[in-house]
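# Analysis of the macromolecular model
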Amino acid sequence: MAASNNLPIAPLGPQRSLRESVTESLRAAIIAGSLEEGTLYSAPALGAAFGVSATPVREAMMDLAREGLVETVKNKGFRVTRMSDRELDEITQIRLLLEPPVVGEVAGTIPAQGITALRAMADAIVAAAREGDLAAYLAADRDFHAEVLRYAGNDQLVALATSLRMKTRMYGLKSLSESNRLADSAQEHHELLDLLEAGDSQASLALMRRHISHARGLWATGEQEPPPQEKE
């Protein structure tokens, strides 16, 4: 089946199963806004764009429906769910309450082999950003942060934080990628690892707060967040 270029979705990566590759590509297209909120998409049309049958697309869309990214429309296809600014602000607020304190707690506790593994993951994030592969970028970013949080020993926290991360819409990623600025932002993962390895809890916490705040600033719009106002 020949691939179609009518839909703005990324090519499938070779490193996963077909279903996983379709899921990651569709998830990235939704998070980055390439597949638009409120728009109805059919599995056959998406399958044609990928150059695959409709079956793995339907399977992937069912996975994404469970994540809340799409809703099924009987006998028609799948509609990308709408997410308001308030909902995105609430997700970001919850993430700020959850993730930075935990990152601060694990600073200095990650073993050397763990740091090495995380550095390889951070390299993959930067490489995906430089290549403009948003599906690979988002997957690598998600895996990196989940791995850091696992050192707190709380599986429920990891699952919740990962779920919130996947629900976030970041419509500025595409423009950042096209302007070659996403790779600069991706370097924050290496900065975080340096602080974690050094055991600097407060600096790790502060960097993680800034990193998450990008979800409602730099990554959401493609524009740099305004600097925080100084107290008089």
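Residues numbered from 1 in each chain as written. Predicted model: local features only at pLDDT ≥ 70, side-chain atom pairs only at ≥ 80, totals over all residues. Heavy atoms only, no water.

The complete set of buried residues in helix α2 (residues 43–50) reads A43, L46, G47, A49 and F50. Looking down the long axis of α2, one finds its buried residues gathered within 160 degrees of arc, a one-sided arrangement. Buried residues belonging to α2 abut α1 (18–31), β1 (40–41) and α3 (54–66). One side-chain oxygen of the residue at the start of α2 lies 3.2 Å from the amide nitrogen of A45, identifying that residue as S42. Following α2 by one or two positions, G51 adopts a phi angle in the positive range, close to 80 degrees. (Buried < 20%, exposed > 50% of the residue type's maximum accessible area, 1.4 Å probe, protein only. Helix = DSSP H or I, 4+ residues; strand = E, 2+ residues; numbered from the N terminus. Arc of directions from axis to C-beta. Contact = heavy atoms within 4.5 Å. Polar contact = N/O pair within 3.5 Å; in protein donor to acceptor, adjacent residues only side chain to side chain.)

Time to look at the environment of D200. As for its position among the elements, D200 is in the loop between α10 (188–198) and α11 (201–213). Residue classification places D200 among the partly exposed residues on the basis of a relative accessible area of 33%. Separated by 92 residues in sequence, D200 and G108 place their C-alpha atoms 7.1 Å apart. Residues in contact with D200, not counting those within four places in the same chain, are A107 and L195.

Strands sit in the order β1-β3-β2 across an open sheet of three strands; the sheet is antiparallel. One side of each edge strand has no neighbouring strand; the edge strands of this open sheet are β1 and β2 (70–73). Summarising the sheet, β1 and strand β3 (residues 77–80) pair through two bridges and their orientation is antiparallel. Its bridge partner lying in β3, Y41 is registered against F78. Of the strands in this sheet, β2 and β3 are in contact with α3, which crosses β2 at around 120 degrees. (Pairing = 2+ DSSP bridges. Axes fitted to C-alpha atoms, helices over the stretch in contact; angles between N-to-C directions.)

We now examine helix α5 (residues 112–131). Across its 20 residues, α5 extends 29 Å between first and last C-alpha, which sits within 8% of the 28 Å expected from 1.5 Å per residue. When α5 is considered as a whole, its buried residues turn out to be G114, I115, L118, A122, I125, V126, A128 and A129. When α5 is viewed along its axis, its buried side chains cluster within an angular range of 160 degrees and face the same direction. Of the exposed residues in α5, those oriented more than 90 degrees away from the buried face are A112, Q113, T116, R130 and E131. Among the structural elements, α6 (134–150), α8 (173–178), α9 (182–186) and α10 are those in contact with the buried residues of α5. Phi turns positive, to about 70 degrees, at G132, one or two residues after α5. (Expected span 1.5 Å × (residues − 1).)

Let us now look at the packing of α1 against α3. Two numbers describe how α1 lies on α3: the axes approach to 8 Å, and their chain directions differ by 55 degrees. Classified by the angle their axes make, α1 and α3 are oblique. In this structure, the crossing between α1 and α3 has a hand that is right-handed. Contacts from L18, R19, V22, T23, L26, R27 and I30 in α1 reach P56, V57, E59, A60, M61, D63, L64 and R66 in α3. Taken together, the residues of the contact of α1 with α3 break down into nine nonpolar, one polar and five charged. (Parallel < 35°, antiparallel > 145°, perpendicular 65-115°, else oblique. Left-handed = near helix turned anticlockwise from the far one by under 90°. Nonpolar A, V, L, I, M, F, W, Y, C, P; charged D, E, K, R; others polar.)

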